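Geometric and topological summary
Here is how the chains run, residue by residue.
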Amino acid sequence: MALITFPTFVSSAYYLHIPLFLIILLLALFSSSSAAEISYDDHCSSVVPQSMATSLRFGSAIFISNGYFSGGGDLFRSDSGFNGSSSFQFHSTYLHKTRSPGTYQVAGTLSFHDSIQTYLTFNAFGFWSESTGKLCMVGDGGFRQPEPQHLGEPLYLSAVLKLDFPKTSNITSSLVSGSLQSWDPAGSPNHFDPIWLSAYAQNGYDYTMIPQANSSCSPRRFEEESLGFEPASTCYFLHSHMHGRTYRLGGSLGFSSRYMAFNMICQQDGMLHLSIGFSNVSSRYENIASEISLVGEGYWDRSRNQLCLLACRILKGRNSKANYSVGDCTIGLSLWVPAVMTLQSRSNVVGRIWSNKNTNDVGYFSTISFQSLGSHMNTIPGPIKYKYTSIDSVRSSCRASGGATRGKRRYPNGRSPGDMEFSISLKDDGGRRGWGQARVLSIGDTYYGDGDTAMAPAESSASAADLVEMDDEHHSTIRNVSYAISYKFNSVPSDEFLEIAAEGIYDAASGTLCMRGCRFLDSIDCEILIKIQLRPLDPKAGEHISGTISSTRNKRDSLFFHPIDVSSDHMYESEAVDSMWRMDVEIAMALVSLTLSCICIRSQILHSKKHPDALPSMSIAMLVLLVLGYMIPSVLNFEALFVTRKRQNVLLRSGGWIEVNETIVRVMSTVAFFLSFSLLQVAWSLRSPEESKRQRAALMVCLPLYFAGGLLIWLLQLQGWEELISYAGLVVDGFLLPQIILNICRNSRGNTLTAFFYLGITIIRAMPHLYDLYRAHRYVPHVSSSYIYASDDGNYYSSMWDLIAPCQGFVFAVIIYVQQR
């Protein structure tokens, strides 16, 4: 529904000093293009006579935030890209008083758009009569045709805008309606069919139906426990739980719509007026100007903690598509916030709609219920309770389907909702894949709602709400639990999620969840069995959360569906703590390694200064490999200096401290890079022509080896450039190979490299592989992107490579030692 505002007109003494002729000149310039083509008097003088402006009033005096339109012919073709979300906006850019009392000169912008972009915009100029509520404007605008790739040529259109726009309204005059009609003759390329406009007014409102609303609600008593609001916060909570929310209808009001939504305006005293839209799709609603839409007004009854409303139908005129009226104010409505949740009642707002007509009257319908989609209990004021109603049937269903064997593995104890709720991946028999979320509502006698904070005790139809069964051997409890499961399949184009309400039991000894579920379609289907096996707290590689969602109905039943496989790689809170501790250790190891690297390179620089003859004997290729070894990680992770590294689990953020330490690691890596580069620069500058030949000869031996290894990796792995980057890390692990080949070419026996350099760098390159062997045994890799030390994106890490790489490095170090002796 559209929102239309009338801010208080505030005059400014400053504008009184502006010469009147200057104001008129500005108006003439503003509207020159449209006025030259469209005469206001020809089209609007009979609606609102033109008058001379006398003073300026500023502020958006006339504003429509979300109106609806129809018509327009080919301007809004669904086959040309327009998605059918027919809404418009209008706002005035200025407002002037005129010599005619109650008549204002208005300039404004009218735009038409769908949910993605704006297609048509008009700049218009005209007059508005405060007494009659008539607004008439002329103007022109540009229209971009919504063709593929948006290559359509823009059209320049001229039109006349007419609106019925009352200054104040009540329930019978709360509609704004009108039209936009083309000035170009029929048959012209710029001609378009009339566009019919409608909106719900948010201006000064007179409540006239409150006694009738009270009379309609008083005889009806719905005996359900509900929550109340503090008087000062009534409007806040009503707006947050009603405005724009989707409600599922439990019956028919005389038409086939399944969903409805409110667009409300609430006063501080708890009175409100609103419009109600209906649709068969939960994400889109019918226009306010359809015969099935309603407007209403009412109040919050603090004695009964219920909202009481009287609603009227919107009637369509016979003579004009823009002529709508309000009538048939015989629909009663009441809604409240339930204080108790159950398996079949999970909504945070529920209510009833009824007809005040006699049974035989036209338009009569029986009382039907409605409830909000989803649950947003974290914003509900007051204690919410959960009442278990299906525990006994769940026990029998789980025993019949067979329970999991209890062993010596440890599973979550069921006391923390963080360990019990998880994201899920789906796959059905047809191969469709999807994703979703399994949220905990209550565990045992504690209700959590949308958050992890306990809100109120739960109730149970069983003898005990929390401790249902005790296993003497394992000292574990079977706890009552309730869940809200939402999911969608990737192949379904709609953004609408399917929802399953579930409750059942959790066996902490075997880690099994067994629940009964209900889904809300045209009717409630509660013949659903959900079985999920949680992952142990001490998992092995490849273990994850798994289970099924299946229908217990006969295959011939229309509500039957084939089993859906469920899986999840959820990380428990204890694992998240271990991961943060591991990341701290890895950061410390990375800092130590980089610091030692800087010391080793610095020792070689000092050695070269004491023995200048050693510099020409150093392999340029070896130094290039060292430079690349520090440059590649710095380049791949350069964004870590400026952008917070993304995690797959928010539990790993540790208040930003990890990100700070990562930045320090990148800085140290940059220092090591510059030290190795300076060593390369000095060695390069001191080489002689004879030494250059030997360097090239050694390089000609190394390059075929590196190329052959890279080609082999490419053919075997077939995983793109990532494999080549990891291969580059493996080559750097053998950085001494070019020096060994050069020593053979030169028959060198001198101490070209200091032992602290070549042995120290070899140990530093070997340590990540040795640590990866320990990490693979100690930790299950749930979040590989959290690896800071020995990360997969810079080298090969596996049981095989973690042994080959260190052995290769130490063999090369021994050869260098023998050569230099």
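Here the structure is shown first, and the text comes after it.
As the structure is a computational prediction, the values presented were derived from the model and not from experiment.

About the thresholds
- Residues numbered from 1 in each chain as written.
- Predicted model: local features only at pLDDT ≥ 70, side-chain atom pairs only at ≥ 80, totals over all residues.
- Heavy atoms only, no water.
- Helix = DSSP H or I, 4+ residues; strand = E, 2+ residues; numbered from the N terminus.
- Buried < 20%, exposed > 50% of the residue type's maximum accessible area, 1.4 Å probe, protein only.
- Contact = heavy atoms within 4.5 Å.
- Areas by Shrake-Rupley, 256 points an atom, 1.4 Å probe, with all protein chains shown as cover.
- Axes fitted to C-alpha atoms, helices over the stretch in contact; angles between N-to-C directions.
- Parallel < 35°, antiparallel > 145°, perpendicular 65-115°, else oblique.
- Left-handed = near helix turned anticlockwise from the far one by under 90°.
- Nonpolar A, V, L, I, M, F, W, Y, C, P; charged D, E, K, R; others polar.
- Phe/Tyr/Trp six-rings, centres within 6.5 Å; stacked < 30°, edge-to-face > 60°.
- Disulfide = S-S within 2.5 Å.
- Salt bridge = Lys/Arg side-chain N within 4 Å of Asp/Glu carboxyl O.
- Patch = residues over 30% accessible without salt bridge, like charges linked within 9 Å, V, L, I, M, F, W, Y side chains within 5 Å.
- Pairing = 2+ DSSP bridges.
- Arc of directions from axis to C-beta.

Some points on the overall build of the chain
Within the chain, the secondary structure is distributed over 15 helices and 34 strands. Per-residue burial over the chain gives 50% buried out of 821 residues. Sequence separation of 24 or more characterises 65% of the internal contacts of the chain that already satisfy a separation of 6 or more. Just so you have it, the chain exposes about 38500 Å², and 56% of that area is on carbon and sulfur atoms.

Let's talk about the packing of helix α8 (residues 573-610) against helix α14 (residues 755-778)
One can describe the packing of α8 onto α14 by two numbers: an axis separation of 8 Å at closest approach and a directional angle of 165°. Regarding the angle of α8 to α14, the classification is roughly antiparallel. As α8 runs across α14, the sense of the crossing is left-handed. From α8, Arg582, Glu586, Met589, Ser593, Leu596, Ser597, Ile599, Cys600, Ile601, Ser603 and Gln604 reach across to α14, where they touch Phe756, Phe757, Gly760, Ile761, Ile764, Tyr771 and Arg775. Broken down by class, the residue content of the contact of α8 with α14 amounts to 10 nonpolar, 5 polar and 3 charged.

Structural notes on the packing of aromatic side chains
This structure, assessed with the given rule, holds 19 aromatic pairs. Centre to centre, the rings of Phe88 and Phe112 are 6.1 Å apart; their planes meet at 40°, and the pair counts as tilted. Here Phe88, found in strand β4 (residues 87-98), pairs with Phe112, found in strand β5 (residues 103-113); they are 24 residues apart in sequence, far enough to count as distant. Residue classification places Phe112 among the buried positions, given a relative accessible area of 0%. Centre to centre, the rings of Tyr487 and Phe489 are 6.0 Å apart; their planes meet at 85°, and the pair counts as edge-to-face.

Re the side chain of His273
Mapped onto the elements of the fold, His273 is located in strand β15 (residues 271-279). Beyond its immediate stretch of four places on either side in the chain, His273 contacts Tyr200, Ala201, Tyr205, Tyr207, Asn263, Met264, Ile265, Gln267, Gly296 and Glu297.

With respect to the state of the cysteines
Summed over all chains, the structure comprises 5 disulfides. Note that Cys44 is cross-linked by a disulfide to Cys136, the S-S spacing being 1.9 Å. With the S-S dihedral at roughly -65°, the linkage between Cys44 and Cys136 falls on the left-handed side. One end of the pair, Cys44, is in helix α3 (residues 40-44); the other, Cys136, is in strand β7 (residues 134-143), and 92 residues separate them in sequence. Using a relative accessible area of 0% as the deciding quantity, one classes Cys44 as buried. Between the sulfur atoms of Cys217 and its disulfide partner Cys308 the distance amounts to 1.9 Å. Its torsion about the S-S bond being 110°, the disulfide of Cys217 and Cys308 is classed as right-handed. Separated by 91 residues along the polypeptide, Cys217 in helix α4 (residues 210-217) and Cys308 in strand β17 (residues 306-316) bring together distant segments of the chain. Here the two residues Cys217 and Cys308 agree in accessibility, since each one is buried. Just so you know, Cys598 is unpaired, no disulfide at all, and the nearest cysteine sulfur is the one on Cys600, 9.3 Å from it.

A word on the environment of Met583
Looking at where Met583 falls in the secondary structure, it is placed in helix α8. With relative accessibility at 0%, the residue Met583 sits in the buried group. Counting along the chain gives 79 residues from Met583 to Glu662, while the straight-line C-alpha distance between them is 9.8 Å.

Section: the pattern of salt bridges
One pass over the full model with this rule turns up 14 salt bridges. Among the salt bridges present, the one from Asp328 reaches Arg313, with a minimum N-O distance of 3.2 Å. Here Asp328, found in strand β18 (residues 324-336), pairs with Arg313, found in strand β17; they are 15 residues apart in sequence, far enough to count as distant. Classification of Asp328 as partly exposed rests on a relative accessible area of 26%. Look at Arg313 and you get buried, because its relative accessible area is 13%. Salt-bridge contacts for Asp772 lead to Arg775; the nearest nitrogen and oxygen are separated by 2.9 Å. Taken as a pair, Asp772 and Arg775 lie in helix α14 at a separation of 3 residues, close to a single helical turn. Asp772 sits in the buried class, given a relative accessible area of 9%. Classification of Arg775 by relative accessible area gives buried; the value is 1%.

Description of the packing of α14 against helix α15 (residues 801-820)
Two elements in contact, α14 and α15, have axes whose closest approach is 8 Å; the angle formed by their N-to-C orientations is 165°. Relative to α15, the element α14 is oriented roughly antiparallel. Regarding α14 and α15, the two cross each other, and that crossing is left-handed. Side by side, α14 and α15 meet where Tyr758, Leu759, Thr762, Ile763, Ala766, His769, Leu770, Asp772 and Leu773 of the first sit next to Trp801, Asp802, Leu803, Ala805, Pro806, Gly809, Phe810, Ala813, Ile816, Tyr817 and Gln820 of the second. Broken down by class, the residue content of the contact of α14 with α15 amounts to 14 nonpolar, 4 polar and 2 charged.

Focus on a nonpolar patch on the surface
Residues Leu759, Ile763, Met767, Leu770 and Phe810 make up a contiguous nonpolar surface patch of roughly 390 Å² in combined accessible area. The element contributing the most residues to the nonpolar patch is α14, with 4 residues. With respect to the element layout, Leu770 can be found in helix α14. Given a relative accessible area of 40%, Leu770 falls into the partly exposed group.

Considerations on the pairing of β7
Taken across its 10 residues, β7 has 8 buried, putting it largely inside the fold. Two elements, β7 and strand β8 (residues 155-164), share 10 bridges in a ladder whose sense is antiparallel. Opposite Asp140, over in β8, you have Ser158 as the bridge partner.

Here's the deal with helix α5 (residues 234-242)
Taken together, the buried positions of α5 are Thr234, Cys235, Phe237, Leu238, His241 and Met242. Taken down its axis, α5 places every buried residue within 165° of arc, on the same side. Buried positions along α5 lie against β13 (246-249), β14 (259-266), β15, β16 (294-301), β17 and β18.

Thoughts on the pairing of strand β10 (residues 175-182)
A regular strand carries its side chains on alternate faces of the sheet. With respect to burial, β10 is a largely interior element, 7 of its 8 residues being buried. Inspection of the sheet shows β8 paired to β10 by 6 bridges, in the antiparallel sense. Considered in β10, the bridge of Leu161 is made with Leu180. Sheet topology places β10 next to strand β11 (residues 195-200); 6 bridges connect them, and they run antiparallel.

Description of the sheet that holds strand β20 (residues 350-355)
Pairing is antiparallel around the closed barrel formed by 8 strands, whose spatial order is β13-β14-β15-β16-β17-β18-β20-β21. Shown here is a sheet whose adjacent strand axes are inclined to one another by a mean of 30°, direction ignored. Strand direction decides the pairing type here: β17 and β18, joined by 9 bridges, are antiparallel. Bridge assignment links Arg313 to a residue of β18, and that residue is Gly327. Contacting β15, β16, β17, β18 and β20, α4 runs over the sheet at an angle of about 115° to β17. Of the strands in this sheet, β13, β14, β15, β16, β17 and β18 touch α5, which is tilted by about 155° from β14.

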